[in-house]
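Close look at the chain arrangement
These are the residues of each chain, in order.
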Amino acid sequence: MDTKGRLIAGSHNRNEFVLINADEVGRVTSVKELSGQICQICGDEIEITVDGEPFVACNECAFPVCRPCYEYERREGNQACPQCKTRYKRIKGSPRVDGDEEEDEFDDLDNEFDFGSNERRDPQHLAESVLSARLNIGRANTSGFTTPSEMDAASLNPEIPLLTYGQEDDGISADKHALIIPPIMGRAKRVHPMPFSDSSISLPPRPMDPKKDLAVYGYGTVAWKERMEEWRKRQNDKLQMVKHEGQINGGNNDDDEMDDPDLPKMDEGRQPLSRKLPIPSSKINPYRMVIFLRLAILGLFFHYRILHPVHDAYGLWLTSIICEIWFAVSWIFDQFPKWFPIERETYLDRLSLRYEKEGKPSELAPIDVFVSTVDPAKEPPLITANTVLSILAVDYPVDKVACYVSDDGAAMLTFEALSETSEFARKWVPFCKKFNIEPRAPEWYFAEKVDYLKDKVHPTFVRERRAMKRDYEEFKVRINGLVAMAQKVPEEGWTMQDGTPWPGNNVRDHPGMIQVFLGNNGVHDVEGNELPRLVYVSREKRPGFEHHKKAGAMNSLIRVSAVISNAPYLLNVDCDHYINNSKALRESMCFMMDPTSGKKICYVQFPQRFDGIDRHDRYSNRNVVFFDINMKGLDGIQGPIYVGTGCVFRRQALYGYDAPVKKKPPGKTCNCLPKWFCCCFGKKKKRKTKTKAKTNEKKKPKSGGSSPQIHALENIEEGIEGIDSEKSALMPQIKFEKKFGQSPVFIASTLLEDGGVPPGASSASLLKEAIHVISCGYEDKTEWGKEVGWIYGSVTEDILTGFKMHCHGWRSVYCIPKRPAFKGSAPINLSDRLHQVLRWALGSVEILLSRHCPIWYGYGCGLKPLERFSYINSVVYPLTSLPLIAYCTLPAVCLLTGKFIVPAISNYASIVFMALFISIAATSILEMQWGKVGIDDLWRNEQFWVIGGASSHLFALVQGLLKVLAGVNTNFTVTSKGGDDGAFAELYLFKWTSLLIPPLTLLIMNIIGLVVGISDAISNGYESWGPLFGKLFFAIWVIVHLYPFLKGMMGKQHGVPTIIIVWSILLASIFSLLWVRINPFLSKGGIVLEVCQLDCD
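Because the structure is predicted, anything quoted here is derived from the model rather than measured.

How each quantity is defined
Residues numbered from 1 in each chain as written. Predicted model: local features only at pLDDT ≥ 70, side-chain atom pairs only at ≥ 80, totals over all residues. Heavy atoms only, no water. Buried < 20%, exposed > 50% of the residue type's maximum accessible area, 1.4 Å probe, protein only. Helix = DSSP H or I, 4+ residues; strand = E, 2+ residues; numbered from the N terminus. Pairing = 2+ DSSP bridges. Salt bridge = Lys/Arg side-chain N within 4 Å of Asp/Glu carboxyl O. Axes fitted to C-alpha atoms, helices over the stretch in contact; angles between N-to-C directions. Parallel < 35°, antiparallel > 145°, perpendicular 65-115°, else oblique. Left-handed = near helix turned anticlockwise from the far one by under 90°. Contact = heavy atoms within 4.5 Å. Nonpolar A, V, L, I, M, F, W, Y, C, P; charged D, E, K, R; others polar. Core = buried A, V, L, I, M, F, W, Y, C linked by side-chain atoms within 4.5 Å.

Below, the discussion takes up the pairing of strand 14 (residues 601-605). Of all the 5 residues making up strand 14, 5 are buried; the element is thus mostly covered by neighbouring parts of the structure. As defined by bridge partners, strand 14 adjoins strand 17 (residues 811-814) across 4 bridges and the pair is classed as parallel. Following the sheet pairing, Ile601 is matched in strand 17 by Arg811. Sheet topology note: the strand 14/strand 16 (residues 647-650) ladder contains 3 bridges and is antiparallel. Directly across from Val604, in strand 16, lies its bridge partner Val648.

Right, let's talk about the sheet that holds strand 13 (residues 578-579) for a bit. Where strands meet in a sheet, backbone hydrogen bonds hold them as pairs that are either parallel or antiparallel. Strands sit in the order 13-18-15 across an open sheet of 3 strands; the sheet is mixed. Every other strand in the sheet has two partners, leaving strand 13 and strand 15 (609-611) as the edge strands with one partner each. In terms of strand pairing, strand 13 meets strand 18 (residues 822-825) through 2 bridges, oriented antiparallel. Paired with Tyr578 across the strands is Lys823, a residue of strand 18.

With that settled, consider the pattern of salt bridges. Considering all chains together, one arrives at 28 salt bridges under this definition. In this structure, Glu540 and Arg542 form a salt bridge, with 2.7 Å as the shortest nitrogen-oxygen distance. When sorted by exposure, Glu540 lands in the same class as Arg542, which is buried. For Arg609, the salt bridge is made with Asp628, and the minimal N-O distance between the two is 3.0 Å. A residue pair is termed long-range when its members are at least 10 positions apart, and Arg609 in strand 15 and Asp628 in helix 13 (residues 624-635) qualify at 19 residues. Summarising the burial analysis for this pair, Arg609 and Asp628 share the class buried. Via salt bridges that share partners, Glu356, Asp395, Lys583 and Arg586 belong to a single interconnected network.

Below, the discussion takes up the packing of helix 20 (residues 797-807) against helix 22 (residues 865-876). Running from amino to carboxyl end, helix 20 crosses helix 22 at an angle of 160°, the nearest separation of the two axes being 12 Å. Here helix 20 is positioned roughly antiparallel relative to helix 22, judged by the angle of their axes. In the crossing of helix 20 with helix 22, the sense of the turn from one axis to the other is left-handed. For the pair helix 20 and helix 22, the contacting residues are Ile799, Gly802, Phe803 and His806 in the first and Glu867, Tyr871 and Ser874 in the second. Of the residues in the contact of helix 20 with helix 22, the class split is 3 nonpolar, 3 polar and 1 charged.

Inspection of the secondary structure assignment puts Arg74 in helix 1 (residues 67-75). With relative accessibility at 1%, the residue Arg74 sits in the buried group. Residues within four places of Arg74 in sequence aside, it is in contact with Gln79, Tyr88, Lys89, Arg90, Pro95, Arg96, Val97 and Asp100.

Attention shifts here to the nonpolar core. Generally speaking, a soluble globular protein has its nonpolar side chains buried in company with each other. Counting residues in each nonpolar core, the largest one holds 71 residues, and the members touching the most others are Trp428, Leu534, Leu571 and Met589. It is helix 8 (residues 412-435) that contributes the most residues to this core, 12 residues altogether. Ignoring anything within four residues of it in the chain, the contact list for Leu534 reads Val388, Leu392, Cys403, Val405, Leu418, Ser422, Gln515, Val516, Phe517 and Leu518.

This is the structure in structure tokens:
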């Protein structure tokens, strides 16, 4: 879509949009020439059947094979599809072979070559006809949307054939016409580019004539076998050439390399693109045994604890028992989803061999990349620019990548920074691809302290790198200048270069805005190559509408991208997560485009890795235990949960469709049974199955969120066929509008499973629809946010969205490349880190109290039990804050009162306690082995579990209850990204926040209890040290887990606000004095004191 570099904004009227900063208006109607498919075996063009559709040999994967090759494969070959290995079914007009299923409805001898009864149609062609009937193609005067200056002849591309409805334009040569038959003239749906001579011309089909001899078509002839042998020879030569090139590039010329079993020998399309790597049995089997042993020890532990109460401290004992039971239940929910951990390996070379043939256009699937940003003050434009630059320079065909930046704050600073980024990309992208550098975010590339000359042999690399670094520094100065200018907003608001007021001056009341910076508008890089598409999007906002924060912005991007580019796959990244591995998109396509297992994958999740974190990772920002242990375990069940960024989606899964159901192979019969037995019972069973299928089809509910896509296609098909009946034509359209909204263009795009915008879409129509689908009232009375797109109802929309997909039967995949795919920045100081954890925990509480809670939602669907366990654990973990705070308070109480939660320990109890501690340690050690996690990462994760549970999780639980029960809403806080200070300058800087009070109070209480307990033991003699050891161990356990607070206070005392220290000491003192008043220290045994009987007065 060519917008001539102009900003497109919406207006208050639905069917209008405004072109800002433009002197003239132009439009280019882009039409793709449709060419026939080529047989992947012999190279001939696949014939067109009588009903105008290409011949399809395999109904499972539609692998392009012509009819002669199909017949030869069934008669002489293995009778299976070369790609998906599914046995070929007999197609009408084809001779029978051994193994074909019997057909009950008619005798096939009379219908052997009946071509006229095939009424099946391709959904791709069906959606194209829907769009052609809805869009303003050649009917600008009847649509009510007129742009006279857009029909300028200078803006038309002479190389693209124009669509006409049976009428010839005198200003266009005859060989540039493309004939399209209007929907009212017939049932044809294809657009055939051909020299225009007569509107009644159609592409003649090439059916087989049953009267002719089969040898005419190559069957049974020597020429056919020679052609097959020549094809096999060409394949072998080509593969040997690829192998030779790989040896030259890799520098390995060993003779053993030719015997590599992974090298495709005959057909590279038959090799898998990825494989599972199960954990070795020497690691996973002991791990499972220890889990069972730990369960048994837990049973013995609770048996002893419950049957041996502490009568003089019954309240403390009961509190500890309740807390320990909750901890055990939480451990079970966290442990069992890690029962089947796996790893995965991808084969990028096979992906290239299959989808990137030499001398042919790339067949890799297009990908739309979404970048979301809100506040440029907390998300610096320079970081967003680096993320965008890494996307534009990714190692993927440029015509297959489109980057959409969502500015939900409508900030002119973000818009101007993106404009500068598009200019710098013209230099940066060719530099990255020329020298194959990593990473392709300039800020992090130039900051790397490595030998940048390693593996570089190009003589001009040093000179061009210095020039590029100087250009990037100038680019940073321009961005910093924009940031400095934006600090003071003019009273009349911002204005653009031509004096037009910026449409987003009022952040809460502004129209939708779209700006195409790069792609399809004539802008190329400095070397003249095409660049990926870059689109700026800011959705409309009006007072009185609910905009649903980030989830609403992502849904707007789904609709805009569907109208403009409609790629079948989507990549979602935060503005601070740049692409660290330029082959990340190819890694995900190894799963998505795999013909055997890719159809059921809804998304590929990559782990989050971070830059700028201190070496010790004091506040567990890397979250290594979750990403390297828990997520690997989920990948072995139904797939990892969605974590909000670094995830490649299948667009059809986001539309709320069910996962495709795997068809069961036909039942096999035993040849030893007599024929009369098979005739009597086999057909009866078949009829019963048919009746059952019809009954199930009638009982199936007609809910838009769970109905498969094929039902939707059938409804649309009925609407197109029933043109004579107006009612039957409107019913399916109404149904789809209730689900997807009132946009015919978007509805038609949802039916294109392989993506792409159908040919013939005018720019004016697409712009009108793009502005319309980001309007604030578009989602009213639709299923957006309920069954379609990112799901609303929680600030952590990522968990809810992934949960809904898994409930629809989809599975996800966890991909960990050797080089991290994405890297981002994490909050380095404790206050920002706690606010981030607070937001996550608040979202979990909202899901727990909603109808989508995994405890009671989604039964009877495609969600597996262990996957449900993981989702239950992800929403109930904030509840652990209550028993955790109570349990961390018990040591101080025990030391101050002289009592304990456990009675005098016997030998049996000592053995049980020691066995429990050993089993916990063994579980952790084995997890570290198969998860490849260090002990320091495990310990930091354990520390922050206590810190976050005592602060953020408690506040999230209170806020969630207030929001759900009392309707008190909380504001969404954006975590700051990056900073201008030196490295780790804010590591121990405590900013004022109430989240710091509970953990510091626990820390001070336990320190006071420790001092009081030791003082009491010193005053009472050595006999009191024995019972004291258990209490001291308990208190030290809490203090050690809260050590980061203590370290921060000792390291930078001035960084801790005085109010926090005062309140923490005050609360600890009040609590301690209260216990002393209620239960003062009494002598334990010895002399009993009595009241003196003497009156001293």
